[in-house]
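Here is what each chain is made of, one letter per residue.
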Amino acid sequence: MLRMESENGWWLITHPDHARLAGDFAAAWGNERFRRPEPRARVLKGIARHDDGWAERDAHPSVTRQGRPSAFSTELVGKYSAFEEIDIEDYLAVRDRAVRTIAEEDAYAGLLISMHTYSLLTEHADRATIAPEGLVLLDAFLARLRGYQGELRAAIAADASLAAEAKTEQAMVEHFRLLQACDNLSLLTCVAFGEQAHLLHPLPLKDGGTSEVRVLPVAERHFRLTPWPFAEREVEFSFPARHVVGRVFASSAELAAAFAAAPVERLTVRLSE
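Keep in mind that what you see is a predicted model, and the values were worked out from it rather than measured. (Residues numbered from 1 in each chain as written. Predicted model: local features only at pLDDT ≥ 70, side-chain atom pairs only at ≥ 80, totals over all residues. Heavy atoms only, no water.)

Secondary structure summary: the protein contains 8 helices and 9 strands in total. The globule rule puts the C-alpha radius of gyration for 273 residues at 19 Å, and the 19 Å found for the protein is close to it. Overall size of the protein, expressed as C-alpha extent along the three principal axes, is 55 × 45 × 30 Å. Counting across all 273 residues of the protein, residues that qualify as buried make up 52%. (Helix = DSSP H or I, 4+ residues; strand = E, 2+ residues; numbered from the N terminus. Rg over C-alpha atoms; globule rule 2.2 N^0.38 Å. Buried < 20%, exposed > 50% of the residue type's maximum accessible area, 1.4 Å probe, protein only.)

Scanning the model with the defined rule gives 0 disulfides in all. The cysteine Cys190 is free of any disulfide, with Cys182 supplying the nearest cysteine sulfur at 13 Å. The buried category is assigned to Cys190, whose relative accessible area is 0%. (Disulfide = S-S within 2.5 Å.)

Using the criterion set out here, one finds 15 salt bridges in the structure. The partner of Asp159 in a salt bridge is Arg42, with the nearest N and O atoms 2.9 Å apart. Remark: Arg42 occurs in helix 2 (residues 40-48) and Asp159 occurs in the loop between helix 6 (132-157) and helix 7 (169-190); sequence separation between them is 117 residues. Assigned by exposure class, Asp159 and Arg42 land together as buried. Where Arg49 meets Glu105, a salt bridge forms, and the shortest distance between an N and an O atom there is 2.9 Å. Pair noted here: Arg49 is in the loop between helix 2 and helix 3 (55-58) and Glu105 is in the loop between helix 4 (88-103) and helix 5 (107-124), with a separation of 56 residues, a long-range link. Exposure remark for Glu105: the relative accessible area of 44% places this residue in the partly exposed category. Linked through salt bridges whose partners overlap, the residues forming this network are Arg20, Lys45, Arg49, Asp52 and Glu105. (Salt bridge = Lys/Arg side-chain N within 4 Å of Asp/Glu carboxyl O.)

With that out of the way, let us pick up unusual backbone geometry. Residue Pro39 is bonded to the preceding Glu38 through a cis peptide linkage, with omega at 10°. Tracing the sequence through the fold places Pro39 in the loop between helix 1 (15-28) and helix 2. At the junction of Thr226 and Pro227, the peptide bond is cis and its omega measures out at -10° in the coordinates. Relative to the helices and strands, Pro227 resides in the loop between strand 7 (222-226) and strand 8 (234-245). A positive phi is found at Ala192, a non-glycine position, where the angle reads about 55°. Considering the arrangement of structural elements, one finds Ala192 in the loop between helix 7 and strand 3 (197-198). By relative accessible area, which is 21% here, Ala192 ends up partly exposed. At Arg221, a residue that is not glycine, the phi angle is positive and equals roughly 55°.

Written out as structure tokens, the structure is:
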């Protein structure tokens, strides 16, 4: 779950809905300067569905020890911590499901999700917030994930429907970085981040170079991107969210009931050049 503070409670966005928003960003990505992703359908599938494994967990939201919704929030942008708030074994099972569910349908999309997962849990995870027994589980998970990536790469290499260029390590890394970029832009949106940020990696240009994309907040859920990666000079996207009233909840059951009773509404984000 992702949470955005409101005047009297929280907007809650599920991981799959956040990922669909990332997929919408990726579908609009590309202009005279920035390259569009190819193979398009398979890359967009990996981006839009990279958090499908969270659907069951997000259907039953829980609270932190402080009684707030247990969710990604503005305080966690740029970090990957708070592992003390979660069951690491359950969390890794969700991450594994997120990779394998899509990989069983499409090895290329699945590999991108696995690269995203591996990056989160190696380059960005704060191991200091994980108990020693949790680190044993994490390291075993990462070893299995590396082995599974080898299987996916072999399937991609044997896939006659893919162009040779799409099978190169450079292409797959570029597509992984686009997933990371669109994921991060969606995270910034879903928590209404109010500080300057960037989209994590240098992204590929048509001239063979790369460029980092900076993100500057203009107003709530309105950002200016520099340099501009979309064809239109301004774009607007919508995404589903549910609003729950109250800052803290007595129990996870109380929050889950409020979430289930809340209607699904549509919020918007505007991106400008």
